[in-house]
Amino acid sequence: MHPEFHKRVIFTEEDISRRVRELGAEITAGCGHGSGPLAVVSILKGGFIFLADLIRAIDLDLTVDFMAISSYRESSLHSSGVRIVKDLSDSIFDRDVLVVEDIVDTGLTLSYILRNLQERGPRDLRVCTLLDRTGSRIAPVRVDYHGFEVGEEFLVGYGLDYMQKWRNLRFICALAEKGQG
Ligand code: PRP
């Protein structure tokens with residue numbers, strides 16, 4: 001039987017859209033000073049909704065590409081358990097690259113991705129995450145742009161899931177089993 005959950009809104013649709021506009025302006029001002037368009041790389045699946053809103057808030061020439069990796073959570077608690085299950089379609093050699101994530105938690109996923117992308121010779125490599133759980137870091141990673149700092153609560157909505165559900169919520173909320181607050 002599925003447990004029942006309380007959902008408590010943490011960031012409303014308005015909070016998110018205001019912050020996405022601000023991030024878009026910061027990125028427009030600070031990124032993509034190389035010769036070609038900015039290469040925006042989205043990590044599936046969680047980041048796809050943030051990506052769609054963020055790129056429309058960036059006033060630069062850009063391209064979009066996608067990567068999917070198997071989660072270390074499905075193997076062992078080591079970044080070596082991470083592997084690419086869908087690679088980028090295009091080269092990022094000599095490109096200005098912006099990796100877009102929905103959340104950085106332990107940093108294990110991102111540290112693997114950054115090491116992997118760095119080996120491909122980008123001109124510049126930056127990270128934008130909507131949510132940053134800095135208190136949970138295991139692997140140190142540099143996040144250049146973040147929307148909101150978050151705590152330990154389990155979050156769903158706006159791309160984030162619980163067992164693949166609730167990615168389509170327009171807001172972000174904390175999930176707790178009934179009886180646990
Ligand atoms: C989430 C998120 C990041 C990763 C961050 O992905 O999109 O890729 O976890 O966690 P970490 O910093 O502890 O490595 P998830 O594995 O939940 O898959 P999903 O994006 O398909 O929901």
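This text follows the structure it describes.
Residues numbered from 1 in each chain as written. Predicted model: local features only at pLDDT ≥ 70, side-chain atom pairs only at ≥ 80, totals over all residues. Heavy atoms only, no water.

Attention now moves to the pattern of salt bridges. Counted under the stated rule, the structure contains 12 salt bridges. Two residues, Arg-142 and Asp-144, come together in a salt bridge whose shortest N-O distance is 2.7 Å. Looking at Asp-144, the relative accessible area reads 27%, which means it is partly exposed. (Salt bridge = Lys/Arg side-chain N within 4 Å of Asp/Glu carboxyl O. Buried < 20%, exposed > 50% of the residue type's maximum accessible area, 1.4 Å probe, protein only.)

This part is about the pairing of strand S3 (residues 62–70). As judged from the 7 bridges shared by strand S2 (residues 38–44) and S3, these two strands associate in the parallel manner. Opposite Ser-42, over in S3, you have Phe-66 as the bridge partner. After leaving S2, the chain enters helix H2 (residues 48–56) and then returns to the sheet as S3, a path that is right-handed. (Pairing = 2+ DSSP bridges. Helix = DSSP H or I, 4+ residues; strand = E, 2+ residues; numbered from the N terminus. Right-handed = clockwise from strand over helix to strand, strands pointing away.)

To continue, consider the sheet that holds S2. Read from one edge to the other, the open sheet built from 6 strands follows the order S4-S3-S2-S5-S6-S7, with strand pairing classed as mixed. The two strands at the open ends of the sheet, each matched to only one other strand, are strand S4 (83–86) and strand S7 (145–149). Across this sheet, the average inter-strand angle for adjacent strands is 30 degrees, counted without regard to direction. Looking at chain direction, strand S5 (residues 96–104) and strand S6 (residues 124–132) are connected through 8 bridges and run parallel. Counted as the bridge partner of Val-104 is Asp-132 from S6. Sheet strands touched by helix H3 (residues 108–118): S2, S3, S4, S5 and S6. Its angle to S3, the strand with the most contacts, is close to 125 degrees. (Axes fitted to C-alpha atoms, helices over the stretch in contact; angles between N-to-C directions. Contact = heavy atoms within 4.5 Å.)

Limitation: the analysis is restricted to geometry and does not speak to function.
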